[in-house]
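Here is how the chains run, residue by residue.
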Amino acid sequence: MTAAALPWNEAERLGALRSYGILDTEPEQAFEDIVQLAARICDAPIAVVNLIDEGRQWFKAETGLGVRETPLDSSFCAHALLRDDGMVIPDATRDSRFDGNPLVAGDTGLRFYAGRLLKSPDGHALGTLCVLDTRARPEGLTPIQAETLEVLAGQVMAQLELRRAIREREEGVHALADSEAKFRAIADSMPQMVWSTLPDGFHDYYNARWYEFTGVPVGSTDGEGWNGMFHPDDQARAREVWNHSLETGDLYEIEYRLRRADGVYRWALGRATPIRNEVGEIIRWFGTCTDIEELKRSEEGKDLLSQELSHRIKNIFAVVSSLIALSAREHPEARAFAGSVRDRINALARAHEFVRPHSEVSRPLISDTTLHAFLNALFKPYVDAAGGSRVLIEGDDATFDDQAATSVALLFHELATNAAKYGALSVPGGQVLLRTCNEGDRFTLTWTEQDGPPVPERPGRQGFGTALATLSVEGQLGGKLERRWAPGGLVLKADLPATALSRRRAALKKK
């Protein structure tokens, strides 16, 4: 029969057979017992567990035949594979399929054959359990014999499946052991301390680096023993953060001081991530501890340097302001100009003081770095007789950083200065309402002067301060300015990208 005429895919069938790993293995008693019982029940001198390989039939167990394999062209069972229910041949000499078959015409003189297919769970025919006789048996098998042969064929397949399951389990155990050995080799070679816990947070693994760093006996920090390795001042905080991660599944990240083998506490960064199964349940936590003591010292050094440089810049503002004042005394005709320049420099100095790096001692006594806090500090000089602010701020607050401070300071210092000279702040009852509004991807600041001197007409000339404010908003912050003159005074709207006030945070989000 040609490959094209086969009723099955021979490559898939052979693949299924070889997946059992049974071919060319040593005899096994379980299979030997089956062929002995089949021969006895069927009153036949020969019985075999026969597997049809490529080009041969191989016998896992046999009785009465005396060989382990024969060529496929002399196989009775190769014909049996063509029938789902096996095959019974009462007299092979009267069956044209066996004309010239050496097992029939030769010294073996086989006449009778009865076999039942051995089929894998996915339907592939692997071979047969069969009985053979040297005498013809026109009556075939009795019903009891046929039923017994079918049951025993099922037992052969059960043995094959059990054997395959055991082999796969052993392979899985070996693969797991190999995988664990590789994991330990990788983990022990890492510079970080690596640890792992059960889903409830019970610590059951640390790599060699942990024990090398801490100097504690192996296993002594399993379970809850890990917390005692932290600085006493950090233990409660570390446990609180860890419990939060266990309850929520959030990533664990914290800095704490970890005791080294010599008793010295060093700063470490602890991180952990949950491992989940296919339904999302946490099955394990894997974490690391990284010694960041040198990084901490480097950061502290940079902070000190930054504070020192910033302090020097503050002094430069003061020196420049003093030089301008001195020049104004020598040149009275430039006093007005000098006063205006000093006011602008002082506004920049206030903005710088607000956002520059501070130590705990030098930090100004104002609220966190937000837009409203910055503006309140900027408008502090503009108060009424009772000490209340004449510039009222309301609306949405926003995070604020040093990259926006200079531009915002120049804009609102210029507005406040002009309002004090010519606008709402130049008369006792006047005031300014500054409304801030978060509009999604835009942030607007609307300056509205109220109860100021009447504005007869729009100014025809744009002064230096106005040009400077426009340049700050449109050039530095990427926004746009709109001005209109209402009866009570100037109304100015600054329309900015929402990210303009805190560019550092926006940059971090992109990363």
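Up top is the structure these notes are about.
This section reports on the structure supplied with the text. (Residues numbered from 1 in each chain as written. Predicted model: local features only at pLDDT ≥ 70, side-chain atom pairs only at ≥ 80, totals over all residues. Heavy atoms only, no water.)

A few points about helix α10 (residues 371–378)
Item 1. Counted residue by residue, α10 has six buried out of eight residues, so it is predominantly covered.
Item 2. Of the residues making up α10, those classed as buried are L371, H372, A373, F374, L375 and L378. (Buried < 20%, exposed > 50% of the residue type's maximum accessible area, 1.4 Å probe, protein only. Helix = DSSP H or I, 4+ residues; strand = E, 2+ residues; numbered from the N terminus.)

Considerations on the nonpolar core
As a rule of thumb, soluble globular proteins bury nonpolar side chains together.
Item 1. Counting 35 residues, the largest nonpolar core has L371, L375, F379, V408, F412, W447 and L501 as its most contacted members.
Item 2. Mapped by element, the contributors of at least two residues to this core are α10, β12 (391–395), α11 (402–421), β13 (431–438), β14 (442–450), α12 (464–476) and β16 (489–497).
Item 3. Element by element, the count of residues in this core is highest for α11, at nine residues.
Item 4. Here L501 is in contact with L371, A398, T399, F400, D401, A404, V408, F443 and L496, once residues within four sequence places are set aside.
Item 5. Among the nonpolar cores identified, the runner-up in size contains 31 residues, and A16, L17, I34 and A61 belong to it. (Core = buried A, V, L, I, M, F, W, Y, C linked by side-chain atoms within 4.5 Å. Contact = heavy atoms within 4.5 Å.)

Observations concerning the pattern of salt bridges
Item 1. Applying the stated criterion to the full structure yields 22 salt bridges.
Item 2. Taking the shortest distance from any N to any O, the salt bridge between E10 and R13 comes out at 3.0 Å. Of this pair, E10 and R13 both sit in helix α1 (residues 10–18), three residues apart, roughly one helical turn.
Item 3. The exposure class of E10 is partly exposed, given its relative accessible area of 24%.
Item 4. The network of salt bridges with common partners includes R18, D24, D53, E54, R56 and E69. (Salt bridge = Lys/Arg side-chain N within 4 Å of Asp/Glu carboxyl O.)

Details of the sheet that holds β12
Working definition: the strands of a sheet are paired by backbone hydrogen bonds and lie parallel or antiparallel to each other.
Item 1. A sheet is described by the order of its strands in space; here five strands give the open sequence β12-β13-β14-β16-β15, paired in mixed fashion. Only two strands of the sheet have a single partner each, and these edge strands are β12 and β15 (480–486). Looking at each pair of strands side by side, their axes are set apart by 15 degrees on average, direction ignored.
Item 2. Two strands pair when backbone bridges link them, and β12 and β13 are joined in this way by five bridges, in the parallel orientation. Opposite L392, over in β13, you have L433 as the bridge partner. (Pairing = 2+ DSSP bridges. Axes fitted to C-alpha atoms, helices over the stretch in contact; angles between N-to-C directions.)

What to know about the environment of G225
Item 1. Residue placement: G225 occurs in the loop between α6 (208–214) and α7 (232–248).
Item 2. G225 gets classed as partly exposed once you look at its relative accessible area, which sits at 29%.
Item 3. As a C-alpha pair, G225 and F202 span 23 residues in sequence and 9.7 Å in three-dimensional space.

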